[in-house]
Amino acid sequence: MTPEEFRKAGHQLIDWIADYRSGIEQMPVRAQVQPGEVKNSFERSAPDNRAPFGELIDLLDARVIKGITQVQSPMHFGWFPSNASLASVLGDIASSGLGALGISWESCPSLTEVEEVTVDWMRQLVGLSDQWRGTIHDTASTACLTALLAAREKAGKFCLQHGGLQALPDALVVYTTEEAHSSVEKSALLAGFGRDNLRMVQMDTNTRAMSPNALALAIDDDLRLGRVPTAVVASCGSTGVTAFDPIADIVNIAASHSIWVHVDAAMAGTAMMLPEYRHLWDGVEGADSISWNPHKWMGTILDTSLFFVRDPQHLIRVMSTNPSYLQSNVDGEATQYRDWGIPLGRRFRSLKLWFHLHLDGAEAIRDRLRRDLENANWLAEQVTANPDWELVSPLTLQTVCVRHNPGNLGSAALDQHTLEWVRQINDSGTAFMSPSQHNGEWIVRVSIGVESTQRKHVETLWQLMQDTAGGY
Ligand code: PLP
């Protein structure tokens, strides 16, 4: 494709995206396909001949759109918001268009330095001190794995340079809770700790926040048995019920044993843009690393996950490789982000943040977050005021966890009822919510926070929930 052909097709594509986004409210929220349906609508082998661009757009409309769950729809209340602000989409296009290669500072100084600047803006926006430095990873899962690798090497005295974990005399232990995101368990397993050395610390039964006493006891037990307490992963806004582990207590306990504390603020990092919510991560300055996904509620398009550390030199020592073909005469002077994570080649991801912040502005983003919090509060009030409904966990941010409980159902029947009414709504395509298990029982998470979701959408949803749960 020549630049001139690109110009023409690009205009068409932008028009198509703008039309798609304007019409999204009219589309079914959940993808309307069966497994294999999208795959089977494609040719078995790659096209040999050039096709006109318009044909591709038609195919997108005919074959791809129906296989998308419309997470940008104002009636999407599932999982967590995965906003993709159009301002950041432009940044993504700019990033792709430049085709820059981030394998070293030298391969694209701007890629490195715009990342340094924008990540530092983000640090300031959530009120973190200048003791933190950060980078952009693809996901919070990668950030958590990176944190646990760094923790492992701190406790294991850089065992990767010798016999690795296999040569350590004592087991290294990670602490988290059942409420933590599944990526924490996955990271601990992939980092080689082993399931036997992953402690699920007890939680407060109401808030599902980690109990500091239980953490201290678990650490003492492990020390007594000759194991090495290595890392605590604290949830700052868990996926299930947006639980907040008591970070100040956790860092105090961890500090006396030199244990690494990673704060998983993938979702709730965004709330820290609002000073009135920062008490929820009190003590965070004492942690060693933090992950936060602007690609969730804040709205910078995937994949934009921030990873902050207090000691980049430690991370670099763990992650660094220095093959001759990547050496340059600025080594030692410039940041080499390949040494801050796992991949070598990196995209110009910071342009997404830069465009988003420039074109939308932090103030408008903060206003939107406050709107969502008010909408969640409104829904929680309706639920609390209705005797047939329960708020199953305290509302902490914008995800309202509910159950319709008419009071005459045993626990198995209540579970069935919950799954049935939410299935009916999700199948209808009118709205989408995520059922999930809470203390072993099925509940429904209503996660408010899509950019275009206004109060009227939440009102429509509440009516739909009442009509469906009360009327089938
Ligand atoms: N941590 C929490 C609290 C999450 O809610 C999620 C995803 O929803 C993750 C981590 C994983 O995020 P990612 O998809 O960026 O790996």
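Residues numbered from 1 in each chain as written. Predicted model: local features only at pLDDT ≥ 70, side-chain atom pairs only at ≥ 80, totals over all residues. Heavy atoms only, no water.

Geometrically, a packed helix pair is captured by the angle between its two axes and the distance between the axes. Running from N to C, helix H5 (residues 109–125) and helix H11 (residues 350–360) cross one another at 50°; their axes reach a closest spacing of 9 Å. The angle between the axes of H5 and H11 places the two elements in the oblique class. Crossing handedness for the pair H5 and H11: left-handed. Where H5 approaches H11, its residues Leu-111, Val-114, Glu-115, Thr-118, Trp-121, Met-122 and Leu-125 are matched on the opposing element by Ser-350, Leu-353, Trp-354, Leu-357 and His-358. Of the residues that constitute the contact of H5 with H11, the class distribution is 8 nonpolar, 3 polar and 1 charged. (Axes fitted to C-alpha atoms, helices over the stretch in contact; angles between N-to-C directions. Helix = DSSP H or I, 4+ residues; strand = E, 2+ residues; numbered from the N terminus. Parallel < 35°, antiparallel > 145°, perpendicular 65-115°, else oblique. Left-handed = near helix turned anticlockwise from the far one by under 90°. Contact = heavy atoms within 4.5 Å. Nonpolar A, V, L, I, M, F, W, Y, C, P; charged D, E, K, R; others polar.)

Turning our eyes to something else, we now look at the domain arrangement of the protein. By a widespread convention, an interface's size corresponds to the accessible area lost as its parts come together. Here the protein is described as being made up of domain 1 (3–68), domain 2 (94–360) and domain 3 (363–469). Relative placement of domain 1 and domain 2: their C-alpha centres are 36 Å apart. (Domains from an automatic or database assignment.)

This part takes up the layout of surface pockets. As a volume, the largest pocket reaches approximately 460 Å³. Contributing to the lining of the largest pocket are 24 residues, with Tyr-20, Arg-21, Gln-72, Ala-84 and Ile-301 lying nearest its centre. Those elements giving two or more residues to the lining of the largest pocket turn out to be helix H1 (3–22), helix H3 (53–64) and helix H4 (86–98). The leading source of residues in the lining of the largest pocket is H4, at 5 residues. A per-class count over the lining of the largest pocket returns 14 nonpolar, 7 polar and 3 charged. (1 Å grid on protein atoms, 1.4 Å probe; cavity = no way out; pocket = protein on both sides within 12 Å on 5 of 7 lines; lining within 4 Å. Points joined across faces, edges and corners; volume = space filled by probe spheres on them.)

Moving on, we come to the pairing of strand E3 (residues 172–176). Within E3, 5 of the 5 residues are buried, which leaves the element mostly enclosed by the surrounding structure. Covered by surrounding structure in E3 are Leu-172, Val-174 and Thr-176 together with Val-173 and Tyr-175, the residues of both alternating faces. Judged from the 4 bridges that link them, E3 and strand E5 (residues 228–235) form a sheet pairing that is parallel. Note on E5: the bridge partner recorded for Tyr-175 is Val-232. In terms of strand pairing, E3 meets strand E4 (residues 198–200) through 3 bridges, oriented parallel. Its bridge partner being in E4, Val-174 is matched across the sheet by Leu-198. As for the winding sense of the linkage, the β-α-β connection from E3 through helix H7 (residues 182–190) to E4 is right-handed. (Buried < 20%, exposed > 50% of the residue type's maximum accessible area, 1.4 Å probe, protein only. Pairing = 2+ DSSP bridges. Right-handed = clockwise from strand over helix to strand, strands pointing away.)

Quick look at a nonpolar patch on the surface now. On the surface, Ile-14, Leu-90, Ile-93 and Leu-359 cluster together into a nonpolar patch covering about 330 Å² of accessible area. The residue Leu-359 is located in helix H11 in this model. In this structure Leu-359 comes out as exposed when scored by relative accessible area, which is 52%. (Patch = residues over 30% accessible without salt bridge, like charges linked within 9 Å, V, L, I, M, F, W, Y side chains within 5 Å. Areas by Shrake-Rupley, 256 points an atom, 1.4 Å probe, with all protein chains shown as cover. Salt bridge = Lys/Arg side-chain N within 4 Å of Asp/Glu carboxyl O.)

This part covers unusual backbone geometry. Look at the link from Leu-302 to Asp-303: it is a cis peptide, with omega at -5°. If you trace the backbone, Asp-303 turns up in the loop between strand E7 (289–292) and strand E8 (305–309). Although it is not a glycine, Arg-208 adopts a positive phi angle of roughly 60°. Here Arg-208 shows up in the loop between E4 and helix H8 (212–224). The backbone phi angle of Thr-242 is positive, close to 50°, even though this residue is not glycine. Its location among the elements puts Thr-242 in the loop between E5 and helix H9 (247–255). Thr-242 gets classed as buried once you look at its relative accessible area, which sits at 0%.

Reading across the sheet, the 7 strands line up as E2-E8-E7-E6-E5-E3-E4 and stay open at both edges, with mixed pairing between neighbours. Each edge of the open sheet carries a strand with a single partner, namely strand E2 (133–137) and E4. Adjacent strand axes in the sheet meet at a mean angle of 20° when their direction is disregarded. Pairing of E7 with E8, which is carried by 4 bridges, proceeds in the antiparallel orientation.

With respect to spatial proximity, 13 residues lie near the ligand, and among them Ala-140, Ser-141, Thr-239, Asp-264 and Asn-293 are the closest. Thr-239 places a polar side-chain atom, nitrogen or oxygen, 2.8 Å from an oxygen atom of the ligand. Broken down by class, the residue content of the shell around the ligand amounts to 3 nonpolar, 8 polar and 2 charged. (Near = heavy atom within 4 Å. Polar contact = N/O pair within 3.5 Å; in protein donor to acceptor, adjacent residues only side chain to side chain.)

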